[in-house]
Amino acid sequence: MQALEPRIEEDVYAILDYAAAVRRRETPGGTGPQSIAAQVAQLRSWLAGMSGTTI
């Protein structure tokens, strides 16, 4: 990347890191670990409420 733009320095790679980008997605419905944990908890709660019902 530095061959294309000499102002790009090493600190940019931390921002472009895939895992770091995913971790930053901490919005409702996002892909960040805390967001996913909240979504899983909500789904488990919903499924527990569905217990004993038929489709």
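Residues numbered from 1 in each chain as written. Predicted model: local features only at pLDDT ≥ 70, side-chain atom pairs only at ≥ 80, totals over all residues. Heavy atoms only, no water.

**Looking at the pattern of salt bridges**
Logical step 1: Summed over all chains, the structure comprises one salt bridge.
Logical step 2: When the shortest N-O distance is used, the salt bridge between Glu5 and Arg7 registers 2.7 Å.
Logical step 3: In this structure Glu5 comes out as partly exposed when scored by relative accessible area, which is 26%.
Logical step 4: On the basis of relative accessible area, Arg7 is assigned to the exposed category, the value being 69%. (Salt bridge = Lys/Arg side-chain N within 4 Å of Asp/Glu carboxyl O. Buried < 20%, exposed > 50% of the residue type's maximum accessible area, 1.4 Å probe, protein only.)

**A few points about the confidence of the model for the chain**
Logical step 1: The pLDDT averaged across the chain works out to 84; a share of 96% of its residues lies at or above 70.
Logical step 2: Mean pLDDT across the elements of the chain bottoms out in helix 2 (residues 18-23) (81) and peaks in helix 3 (residues 33-50) (91). (pLDDT = per-residue confidence, 0-100. Helix = DSSP H or I, 4+ residues; strand = E, 2+ residues; numbered from the N terminus.)

**Some remarks on a nonpolar patch on the surface**
Logical step 1: Together, Met1, Tyr13, Ile15 and Leu16 line one region of the surface with nonpolar side chains, adding up to about 400 Å² of accessible area.
Logical step 2: Relative to the elements of secondary structure, Met1 occurs in the segment before helix 1 (11-16). (Patch = residues over 30% accessible without salt bridge, like charges linked within 9 Å, V, L, I, M, F, W, Y side chains within 5 Å. Areas by Shrake-Rupley, 256 points an atom, 1.4 Å probe, with all protein chains shown as cover.)

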